[in-house]
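Geometric and topological summary
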Amino acid sequence: MTDLDVQTLRDAYDNQLRPEIPDPVPAGVTVERDGPLVRIIGLDAGGFLTYRNLGGLTGAALDELIARQVRLFRERGQSVEWKLNEHDEPADLADRLRAAGFVPEDRETVVVGPVAPLAAALPVVPEGVRLREVTAREDLERIAAMEEEVWQADRSHLVWGLAKEIDADPNSITVVVAEADGTVLSAGWVRFPANTGFATLWGGSTLPQWRRKGIYRALVNYRARLAEQRGRTLMQVDCSEDSRPILQRLGLVPVTTTTPYVYTP
């Protein structure tokens, strides 16, 4: 890929996917605008702050925008994530977030690429493992239990968060599990943002003893075929350092990085 290709893919990501607002908005979720910033409450364990760009805000005006979010979520007694992309402006935005009490978590790489080659690939699923689309709450609870085993942290928000999205529009998201002998080994979901050419991939956590067997790749290929059936031409993933090499081998291209900055009252 050339630099022009990377820039073109980044522009598509910025213009089509940002800000990341659920559409339709699930019941119990609120979407509020504060200048260029979009504030989403009720979809996850904490709040979420997103934007396409900050409209040229700098200095004291930017500090006040950040401070308003801190005050609001401190009053709510709730954490909030500010999703910061590497190419966001101004250049000192990360410093201003840290000064306001936001703490950076693990950085991820945003990769983008064409759906067609991924959909055409023939994944090799280990013997005894099957992939299945799920919507039932029982299955969502099994996914959360698997993720809790992987991450040793509470993942109960996945149950009600995914359930809200499925209830709001089952065509906007598909959840897929990889399972064997009644045990969820891995799970991922694909979202189909309205009025875009994109499908976006999420999840992908896999039990340690089942890694390096092709399950993650099989889940990617499966969801790519779903995306192709919907007429989507581009795929985007915020990926960890574990999954980035796999996705790059599959043809996705790094276009930026993203770091969650989290404020916790």
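Keep in mind the model is a prediction, meaning the values are calculated, not measured.

Reading the values: rules and limits
- Residues numbered from 1 in each chain as written.
- Predicted model: local features only at pLDDT ≥ 70, side-chain atom pairs only at ≥ 80, totals over all residues.
- Heavy atoms only, no water.
- UniProt positions renumbered as here; feature names shortened; annotations may be inferred.
- Helix = DSSP H or I, 4+ residues; strand = E, 2+ residues; numbered from the N terminus.
- Axes fitted to C-alpha atoms, helices over the stretch in contact; angles between N-to-C directions.
- Parallel < 35°, antiparallel > 145°, perpendicular 65-115°, else oblique.
- Left-handed = near helix turned anticlockwise from the far one by under 90°.
- Contact = heavy atoms within 4.5 Å.
- Nonpolar A, V, L, I, M, F, W, Y, C, P; charged D, E, K, R; others polar.
- Salt bridge = Lys/Arg side-chain N within 4 Å of Asp/Glu carboxyl O.
- Buried < 20%, exposed > 50% of the residue type's maximum accessible area, 1.4 Å probe, protein only.

As for the UniProt feature "domain: N-acetyltransferase" (unreviewed entry) in the protein
- The sites that carry the UniProt feature "domain: N-acetyltransferase" (unreviewed entry) are, in the present numbering, residues 129-265.
- Overall, residues 129-265 shows 35% helix and 35% strand. The separation of its end C-alpha atoms is 43 Å.

Digging into the packing of helix α5 (residues 137-151) against helix α6 (residues 157-168)
- Running from N to C, α5 and α6 cross one another at 140°; their axes reach a closest spacing of 9 Å. Between α5 and α6, the angle is such that the two are oblique. Note on packing geometry: the crossing formed by α5 with α6 is right-handed. Of α6, the residues touching α5 (which contributes Arg137, Leu140, Glu141, Ala144 and Glu147) are Leu158, Val159, Trp160, Leu162, Ala163 and Ile166.
- When the residues that make up the contact of α5 with α6 are grouped by side-chain class, the tally is eight nonpolar, no polar and three charged.

Remarks on the pattern of salt bridges
- Within the structure shown, the criterion is met by 21 salt bridges.
- Of the charged contacts, one joins Arg68 and Asp34 as a salt bridge, the two residues approaching to 2.7 Å between their closest N and O atoms. Taken together, the residues Arg68 in helix α2 (residues 59-76) and Asp34 in strand β1 (residues 30-34) connect sequence positions 34 residues apart.
- Overall, the relative accessible area of 32% leaves Arg68 in the partly exposed class.
- Judged by relative accessible area, which is 12%, Asp34 ranks as buried.
- Two residues, Glu179 and Arg130, come together in a salt bridge whose shortest N-O distance is 3.0 Å. Of this pair, Glu179 sits in strand β8 (residues 173-180) while Arg130 sits in strand β7 (residues 130-134); the two residues are 49 residues apart in sequence, bridging distant segments of the chain.
- Because the salt bridges share partners, they merge into one network encompassing Glu32, Asp34, Arg39, Glu64, Arg68 and Arg71.

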